Amino acid sequence: MSTAALQAEPRTELGTTNSRRLRRQGLIPGNIFGLDKEAEAVSISADTLNPVVQSGAHVIDVTVGDSV
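Note that residues are indexed from 1 along each chain, following the sequence as it is written. The model is predicted, so local features are restricted to residues of pLDDT at least 70 and side-chain atom pairs to those at 80 or more, both for listing and for counting; the totals for chains, interfaces and linings are taken over all residues. Heavy atoms from the whole structure form the basis of all side-chain values; hydrogens and water molecules are not counted.

Visitor: Which residues make up the nonpolar core, and what are the values?
Guide: Counting 9 residues, the largest nonpolar core is built from Ala4, Leu6, Ala8, Val42, Ile44, Leu49, Val52, Ala57 and Val64. Numbering of helices and strands runs from the N terminus, with a helix taken as a DSSP run of H or I at least four residues long and a strand as a DSSP run of E at least two residues long. Every element with two or more residues in this core is listed here: strand S1 (3–10), strand S3 (37–45) and helix H2 (46–55). The leading source of residues in this core is S1, at 3 residues. In contact with Ala57, not counting residues within four places along its chain, are Ser2, Ala4 and Val52. Here, the term nonpolar core denotes a set of buried Ala, Val, Leu, Ile, Met, Phe, Trp, Tyr and Cys residues that are joined through side-chain atoms within 4.5 Å. Only protein chains enter the accessibility calculation, which uses a 1.4 Å probe; a residue whose area is less than 20% of its type maximum is buried, one above 50% is exposed, and one in between is partly exposed. A contact between two residues is defined here by any heavy atoms of the two lying within 4.5 Å.

Visitor: Talk me through a positive patch on the surface; I want residue IDs and the actual numbers.
Guide: Nonpolar side chains (Val, Leu, Ile, Met, Phe, Trp, Tyr) are joined into patches within 5 Å and like charges within 9 Å, using only residues with over 30% relative accessible area and no salt bridge. Note on areas: these come from Shrake-Rupley sampling with a 1.4 Å probe, and a residue is covered only by the protein chains present in the view. Only one rule defines a salt bridge in this text: a Lys or Arg side-chain nitrogen within 4 Å of an Asp or Glu carboxyl oxygen. Within this scheme the basic residues Lys and Arg register as positive and the acidic residues Asp and Glu register as negative, but His and the chain ends are omitted. Note on charges: their place is set at NZ of Lys, CZ of Arg, CG of Asp or CD of Glu. Residues Arg20, Arg21, Arg23 and Arg24 make up a contiguous surface patch of positive charge. Along the chain, Arg23 falls in helix H1 (residues 16–24). Under the relative-accessibility criterion, Arg23 is labelled exposed at 52%.

Visitor: Account for the side chain of Ser19, naming residues and giving values.
Guide: Note on placement: Ser19 falls in helix H1. Residues contacting Ser19, with those up to four places away along its chain left out, are Arg11 and Pro29.

Visitor: Lay out the side chain of Ser43 in plain terms, naming residues and giving numbers.
Guide: Turning to its location among the elements, Ser43 is positioned in strand S3. Excluding anything up to four places from it in sequence, Ser43 contacts Ala8, Glu9, Arg11, Leu22, Leu27, Ile28 and Pro29.

Visitor: Quick rundown of the pairing of S3? Include the residues and the values.
Guide: At least two DSSP bridges between two strands are needed for those strands to be called paired. By the bridge criterion, 2 bridges tie S1 to S3 in an arrangement that is antiparallel. Pairing of Pro10 across the sheet is with Val42, part of S3. Pairing of strand S2 (residues 27–34) with S3 involves 7 bridges; the strand directions are antiparallel. Each bridged residue has a counterpart across the sheet, and for Gly34 the counterpart in S3 is Lys37. In this antiparallel pair of consecutive strands, S2 and S3, the connection spans 2 residues, and Asp36 shows a positive phi of 60 degrees.

This is the structure we're talking about:
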């Protein structure tokens, strides 16, 4: 099983308009959900995410800002 690592940045501006703005900048908006954790809105660089998706990684370690 392959493992990958990604660096994401938290985002505070939510909504359709802001998501479109992120996509034009080459970023992908998303949400991270976890057991006993609040959902967190993030943005990830498309250049970083595409190879991970294409590699078929089943486990992805995501670092948001300075936290894991």
